[in-house]
Amino acid sequence: MVEQEPFKLLVQGSSPCAPTMKHKDVTYNDKPYREETKRLWKDMGSNDWLVNGPVKDVDLVSTSYDVEVAFTTIQDNRRTEWRIEDRKLRYWKRKKPCHYVLFNKQKTKCIAVSDKKMRTWINKYDVEYRDCNGWKPEYCNFLIVPLTERVTKFKKINNKWTKCD
């Protein structure tokens, strides 16, 4: 099986926390979101084999890249920025590419950010403190990315992931 670059397939042609999410929710068993990421990759035509990453490390791995998976409880109409936990930024300090997928809690919508774009954001934007009810202050630092940055959006329609504009 030949491994394909997923974002050539996912992007052809083109948070982390909310006031109601407790910090313990972030260190959750994310198996449902990992499995949903595998479905997303398959629905977008990727033949890559993603396997679960090691405990307390990146979520999914393949031979040539990793995928970090997250979910958010912030509703689209209430979002003012993209937030990526600063503790996750270590995955982009490695040489191996790492893509980022952020689901809504219901796993009906998600965004995907390529390794290249994530590395650009890390160099372009600052990590800032955001108060999160139920979180210890030391866990409330996020890479803050404005909504004006383009992300690849997907929506689940009839139990199949579809790329949105």
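Every value quoted in this text rests on a predicted model; they were computed, and no experiment measured them.

Hydrogen bonds along the backbone pair up the strands of a sheet, which may run parallel or antiparallel. If you walk across this open sheet you meet the three strands as 4-8-7, and the pairing is antiparallel. The open sheet has two free edges, formed respectively by strand 4 (81–85) and strand 7 (127–129), since each of these has just one partner strand. The mean angle between the axes of side-by-side strands here comes to 50 degrees, regardless of whether they run parallel or antiparallel. Sheet topology note: the strand 4/strand 8 (residues 141–146) ladder contains five bridges and is antiparallel. Residue pairing across strands places glutamate 85 opposite phenylalanine 142, the latter belonging to strand 8. Sheet strands touched by helix 4 (residues 115–124): strand 4 and strand 8. Its angle to strand 8, the strand with the most contacts, is close to 105 degrees.

Looking now at the pairing of strand 3 (residues 66–72). Across the seven residues that make up strand 3, a large majority, seven, are buried. Side chains Asp66, Glu68, Ala70 and Thr72 project from strand 3 onto one buried face, and the interleaved Val67, Val69 and Phe71 project onto a second face that is buried too. Pairing geometry for strand 2 (residues 60–61) and strand 3, over two bridges, is antiparallel. Directly across from leucine 60, in strand 3, lies its bridge partner valine 67. The turn joining strand 2 and strand 3, which pair antiparallel and follow one another in sequence, is formed by four residues. Across seven bridges, the pairing between strand 3 and strand 5 (residues 98–104) is parallel. By the bridge assignment, valine 69 is partnered in strand 5 with valine 101.

Take the nonpolar core next. A general tendency of soluble globular proteins is for nonpolar side chains to be buried together. By size, the foremost hydrophobic cluster in this structure holds 19 residues, and its most contacted members are Ile84, Tyr100, Val113, Met118, Trp121, Leu143 and Val145. Residue assignment for this core shows that the elements contributing at least two residues are strand 4, strand 5, strand 6 (109–113), helix 4 and strand 8. If one sorts the elements of this core by residue count, strand 5 sits on top with three residues. In this structure, Leu40, Met44, Leu50 and Val69 belong to the second largest nonpolar core, which totals 16 residues.

So, on to helix 4. Within the span of helix 4, buried status applies to Asp115, Met118 and Trp121. Taken around the axis of helix 4, the buried residues stretch over an arc of 125 degrees, which confines them to a single face. Those residues of helix 4 that are exposed and angled more than 90 degrees off the buried face are Lys116, Asn123 and Lys124. Each element contacted by the buried residues of helix 4 is listed here: strand 4, strand 5, strand 6 and strand 8.

Moving on to the sheet that holds strand 6. One open sheet holds the seven strands; their spatial order is 1-2-3-5-6-9-10, and the pairing between them is mixed. A strand with exactly one partner marks an edge of an open sheet, and here the two such strands are strand 1 (51–52) and strand 10 (160–164). For strand 9 (residues 152–157) and strand 10, the ladder comprises five bridges, and the chain directions are antiparallel. Residue pairing for strand 10: phenylalanine 154 is matched across the bridge by lysine 163. Sitting on the sheet, helix 3 (residues 31–43) is in contact with strand 1, strand 2, strand 3, strand 5, strand 6, strand 9 and strand 10, with an inclination near 110 degrees to strand 5. Along the sheet face, helix 4 touches strand 5 and strand 6 and points at about 75 degrees away from the line of strand 6.

What follows concerns the packing of aromatic side chains. Enumeration over the complete set of coordinates arrives at six aromatic pairs. Seen in terms of ring centroids, tyrosine 33 and phenylalanine 71 are 5.0 Å apart; in terms of plane orientation they differ by 10 degrees. Their pairing is stacked. Of the two residues, tyrosine 33 sits in helix 3 while phenylalanine 71 sits in strand 3, which places them 38 residues apart along the sequence. Here the two residues tyrosine 33 and phenylalanine 71 agree in accessibility, since each one is buried. Taken together, the ring pairs connect Tyr33, Phe71, Phe103 and Trp161 into an aromatic cluster. Geometry around phenylalanine 142 places arginine 83 over its ring, the cationic atom sitting 5.7 Å from the centre. Over the ring of tyrosine 33 we find lysine 107, and its NZ or CZ is 5.1 Å from the ring centre.

Rules used throughout
Counting restarts for each chain: residues are numbered from 1 in the order of the written sequence. A pLDDT threshold of at least 70 governs which residues receive local features in this predicted model, and a stricter bar of 80 or more applies before side-chain atom pairs are shown or counted, although totals over entire chains, interfaces and linings include all residues. Excluded from the side-chain calculation are hydrogens and water; included are all heavy atoms of the structure. DSSP bridges decide pairing: two strands pair if at least two such bridges lie between them. Under the scheme used here, helices are H or I runs from DSSP no shorter than 4 residues and strands are E runs no shorter than 2 residues, and both carry numbers assigned from the N terminus. Inter-axis angles, ranging from 0 to 180 degrees, are taken between N-to-C directions of lines fitted to C-alpha atoms, where helices are fitted over the stretch in contact. The contact criterion used is simple: two residues touch if any of their non-hydrogen atoms lie within 4.5 Å. For the exposure calls, accessible area comes from a 1.4 Å probe over protein chains only, and a residue counts as buried if that area is under 20% of its type's maximum, exposed if over 50%, partly exposed in between. Only buried residues count toward a nonpolar core, which is a set of Ala, Val, Leu, Ile, Met, Phe, Trp, Tyr and Cys residues joined through side-chain atoms within 4.5 Å. The arc in question is the one traced by the directions running from the helix axis out to the C-beta atoms. The criterion for an aromatic pair is that two Phe, Tyr or Trp rings (for Trp, the six-membered ring) have centres within 6.5 Å, with stacked assigned to planes under 30 degrees apart, edge-to-face to planes over 60 apart and tilted to the rest. Over a ring means this: the NZ of a Lys or the CZ of an Arg is within 6 Å of the ring centre and within 35 degrees of the ring normal.

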